[in-house]
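Tertiary structure, described
In case you want the letters, here they are:
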Amino acid sequence: MINLSTLGLPNNFKDLLPELKSKTLKWETNCYSGTDINNYATISFYESLRSPYGNIILTPGLGTNTDIDPLSKMLIFWALTHRFNIITFNTFLGRFYHKPTLQIAQQNTYHEFVHVLQKCITYTENFCSDINIMIGHSAGATGTIDAMNNLATNDKKTKINSVMLFAPWVSIKWFNSMQKNISAHHPDTRDMIPILNIFNTDKKSTGPEYIPVTPKFFHDMTHNQFRPDLMNKWGTNITIIAGEKDKKTFTKLLAKRFEILQTQPNHDKFSFIVLPNAKHSFLEIYKNNQSVISLIKSQKTKLSKK
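A few points on the structure.

Reading guide: rules and limits
- Residues numbered from 1 in each chain as written.
- Predicted model: local features only at pLDDT ≥ 70, side-chain atom pairs only at ≥ 80, totals over all residues.
- Heavy atoms only, no water.
- Pairing = 2+ DSSP bridges.
- Helix = DSSP H or I, 4+ residues; strand = E, 2+ residues; numbered from the N terminus.
- Axes fitted to C-alpha atoms, helices over the stretch in contact; angles between N-to-C directions.
- Contact = heavy atoms within 4.5 Å.
- Right-handed = clockwise from strand over helix to strand, strands pointing away.
- 1 Å grid on protein atoms, 1.4 Å probe; cavity = no way out; pocket = protein on both sides within 12 Å on 5 of 7 lines; lining within 4 Å.
- Points joined across faces, edges and corners; volume = space filled by probe spheres on them.
- Nonpolar A, V, L, I, M, F, W, Y, C, P; charged D, E, K, R; others polar.
- Core = buried A, V, L, I, M, F, W, Y, C linked by side-chain atoms within 4.5 Å.
- Buried < 20%, exposed > 50% of the residue type's maximum accessible area, 1.4 Å probe, protein only.
- Lys, Arg positive; Asp, Glu negative; His and termini not counted.
- Salt bridge = Lys/Arg side-chain N within 4 Å of Asp/Glu carboxyl O.

With that settled, the discussion passes to the sheet that holds strand S9 (residues 237-243). The strand order S1-S2-S4-S3-S5-S6-S9-S10 describes an open sheet built from eight strands, whose pairing is mixed. Only two strands of the sheet have a single partner each, and these edge strands are strand S1 (25-32) and strand S10 (270-275). Between one strand axis and the next, the sheet turns through 15° on average, direction left out of account. Taken together, the five bridges between strand S2 (residues 40-46) and strand S4 (residues 84-90) define a ladder with antiparallel strand orientation. Pairing of Ser44 across the sheet is with Thr88, part of S4. Helix H4 (residues 110-123) rests against S1, S2, strand S3 (54-59), S4 and strand S5 (132-137) of the sheet, and its axis sits at about 140° to S1.

On to the pairing of S10, then. Pairing of S9 with S10, which is carried by six bridges, proceeds in the parallel orientation. When the sheet's bridge partners are listed, Ile238 is paired in S10 with Phe270. Once you follow S9 into helix H10 (residues 251-261) and on to S10, the crossover reads as right-handed.

Following the criterion strictly, the structure yields three cavities of 30 Å³ or more and no others. There is about 70 Å³ of room inside the largest cavity. Sorting the residues of the lining of the largest cavity by element identifies S3, helix H2 (70-80) and S5 as the ones contributing at least two each. Along the lines of polarity and charge, the residues of the lining of the largest cavity split into five nonpolar, six polar and one charged. Roughly 60 Å³ of internal volume is contained in the second largest cavity. Residue lining of the second largest cavity: Thr142, Ile145, Asp146, Asn149, Trp169, Met221, Asn224, Gln225, Phe226 and Arg227, and that is the complete set. Of the residues forming the lining of the second largest cavity, the biggest block, four residues, is contributed by helix H5 (residues 139-153). For the lining of the second largest cavity, a count of residues per class yields four nonpolar, four polar and two charged.

A separate point is the nonpolar core. Counting residues in each nonpolar core, the largest one holds 51 residues, and the members touching the most others are Leu62, Phe89, Phe218 and Met231. Each residue touching Phe218, except ones within four places of it in the same chain, is listed here: Leu62, Trp174, Phe175, Met178, Ile193, Ile195 and Val213. Core analysis: the second largest hydrophobic core is formed by 31 residues, Leu71, Phe77, Ile131 and Ala278 among them.

Here the focus is the side chain of Asp146. Note on placement: Asp146 falls in helix H5. Comment: no salt bridge for buried Asp146; closest opposite-charge side chain is Arg257, at 8.0 Å. Sequence-distant contacts of Asp146, defined by excluding residues within four places in its chain, comprise Tyr110, Val114 and Asn224.

A word on the pattern of salt bridges. Applying the stated criterion to the full structure yields five salt bridges. The salt bridge involving Lys233 is made with Asp155; its shortest N-O contact spans 2.9 Å. Taken as a pair, Lys233 in the loop between helix H9 (228-232) and S9 and Asp155 in the loop between H5 and strand S6 (162-166) lie far apart in primary sequence, 78 residues in all. With its nearest N and O atoms 2.6 Å apart, the salt bridge here joins Arg227 to Asp229. The class of Arg227 is partly exposed, set by a relative accessible area of 29%. Judged by its relative accessible area of 33%, Asp229 falls in the partly exposed class.

See the structure below:
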């Protein structure tokens, strides 16, 4: 186990985080998709304790939010104590229910998720500074790609100048396996997939919590077309980060798509990194030059020179 002080973090940062967030929260608002479903995300803006270099924008994946996700919690504490503001997009994919229903699942579509993220990105434009680093994980990374592609389709530029994508493009093979496993344990929810809150450590007193989606959510997410031509139009640095031992997103797939991105005119803006021993959740902070914090620092240095 590494000493977190080597990363500029106190070993008890998780205990200190609630007070830090309370002290630095400047505003919070709900941002709606504007579709017929009109689902929403909660955007929160936290201001750095010292004069900030810029903003870090967090988009967590399915079945988690920035209040419970270990990677998000680490990034929030580090950023706020190392001269970065934090902006969080907590969508309906992190809104838990003790009794999930099919009606709720039918509101939680993948395309609705992308629309919400697109609205969030547009809304936060007025709060962006010179350096704006957006970090998406898993479904949050895939949704970010499609939201940014939608903006690029309409030739809309953003003030985001670096996008870090942790484990995007979950594989169809993993989804089929996951659906089969859930159906075996929840035969009464054939049309609904209840995603368990794995970070709820107090299940005995509160009971399990779920985020419900339909199988179509995964179908739409895994079958959405890969558009390197649109990613080329973002005008941002794009870093794709794979976990060496990730079983949900295959490193070979990410490597292949990176090769295709390298054929685009803005090929110098794309990077691909594999974190040794990392799994899909990126729960551990790896003590090497490819750690999450090192990646952020490298982006900050690169952007500062422009």
